[in-house]
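Descriptive structure summary
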Amino acid sequence: MSSGVVWCVPVPVPVPVSPGAFLLLYVLLMLVVGTPLFFLELAAGQSIRQGSIGVWKYISPKLCGIGYSSCV
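These lines cover the structure that appears in this document, whether it is placed above or below. Since this is a predicted model, take the numbers as computed values, not measurements.

Thresholds applied
- Residues numbered from 1 in each chain as written.
- Predicted model: local features only at pLDDT ≥ 70, side-chain atom pairs only at ≥ 80, totals over all residues.
- Heavy atoms only, no water.
- Helix = DSSP H or I, 4+ residues; strand = E, 2+ residues; numbered from the N terminus.
- Buried < 20%, exposed > 50% of the residue type's maximum accessible area, 1.4 Å probe, protein only.
- Contact = heavy atoms within 4.5 Å.
- Expected span 1.5 Å × (residues − 1).
- Bend = angle between axes of the 7 residues up to and from the residue.
- Patch = residues over 30% accessible without salt bridge, like charges linked within 9 Å, V, L, I, M, F, W, Y side chains within 5 Å.
- Areas by Shrake-Rupley, 256 points an atom, 1.4 Å probe, with all protein chains shown as cover.
- Salt bridge = Lys/Arg side-chain N within 4 Å of Asp/Glu carboxyl O.
- Axes fitted to C-alpha atoms, helices over the stretch in contact; angles between N-to-C directions.
- Parallel < 35°, antiparallel > 145°, perpendicular 65-115°, else oblique.
- Left-handed = near helix turned anticlockwise from the far one by under 90°.
- Nonpolar A, V, L, I, M, F, W, Y, C, P; charged D, E, K, R; others polar.

This paragraph deals with the overall build of the chain. The helix and strand tally for the chain stands at 4 helices and 0 strands. The buried share among the 72 residues of the chain stands at 12%.

If you want it as structure tokens, here you go:
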């Protein structure tokens, strides 16, 4: 097997799809997943008196990236 097979990038086939399907799914998932996660962060932050990054560090040090990304 040559290395050309590994690096082969398929040519994108143009499909006439509107971005509405993506935007609808994005907004739906933002409401279903993002809103409860936001309220969880607010409630936990009030109870432990920490900011966004401190809440996720308190829950688990591996999850502090969520706090950094929510600040951005």
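Structurally, Cys71 can be placed in helix 4 (residues 64–71). In this structure the C-alpha to C-alpha distance between Cys71 and Ile53, which are 18 residues apart in sequence, comes to 8.0 Å. The contact partners of Cys71, leaving out residues within four places of it in the chain, are Ser52 and Ile53.

Bringing helix 2 (residues 20–48) into the picture now. Over its 29 residues, helix 2 extends 40 Å from the first C-alpha to the last, a length consistent with the 42 Å expected when each residue adds 1.5 Å. Along its length, helix 2 reaches its greatest deviation from straightness, about 30°, at Gly34, and the proline Pro36 lies no more than four positions downstream. Residues of helix 2 that are buried: Glu41, Ala44 and Gly45. Buried positions along helix 2 lie against helix 3 (52–59) and helix 4. The positive-phi residue at the C-terminal boundary of helix 2 is Arg49, with phi of around 55°.

Moving on: a nonpolar patch on the surface. A grouping of Phe22, Leu23, Leu25, Tyr26, Val27, Leu28, Leu29, Met30, Leu31, Val32 and Val33 is seen on the molecular surface, where their side chains present a nonpolar patch of about 1,100 Å² in accessible area. Relative to the helices and strands, Val27 resides in helix 2. Note on Val27: relative accessible area 38%, which makes it partly exposed.

Packing of helix 3 against helix 4 leaves a shortest axis separation of 7 Å and a crossing angle of 165°. Considered as vectors, helix 3 and helix 4 are oriented roughly antiparallel to each other. For helix 3 against helix 4, the interelement crossing comes out right-handed. In contact with Ser52, Ile53, Trp56 and Lys57 of helix 3, helix 4 contributes Cys64, Ile66, Gly67, Tyr68, Ser70 and Cys71.

On to the packing of helix 2 against helix 3, then. Axis separation between helix 2 and helix 3 bottoms out at 9 Å; the angle between their running directions is 85°. Comparing their axes, helix 3 and helix 2 come out roughly perpendicular. Of helix 3, the residues touching helix 2 (which contributes Leu37, Leu40, Glu41, Ala44, Gly45 and Ile48) are Ser52, Gly54, Val55, Trp56 and Tyr58. Here the residues of the contact of helix 2 with helix 3 sort into 7 nonpolar, 3 polar and 1 charged.

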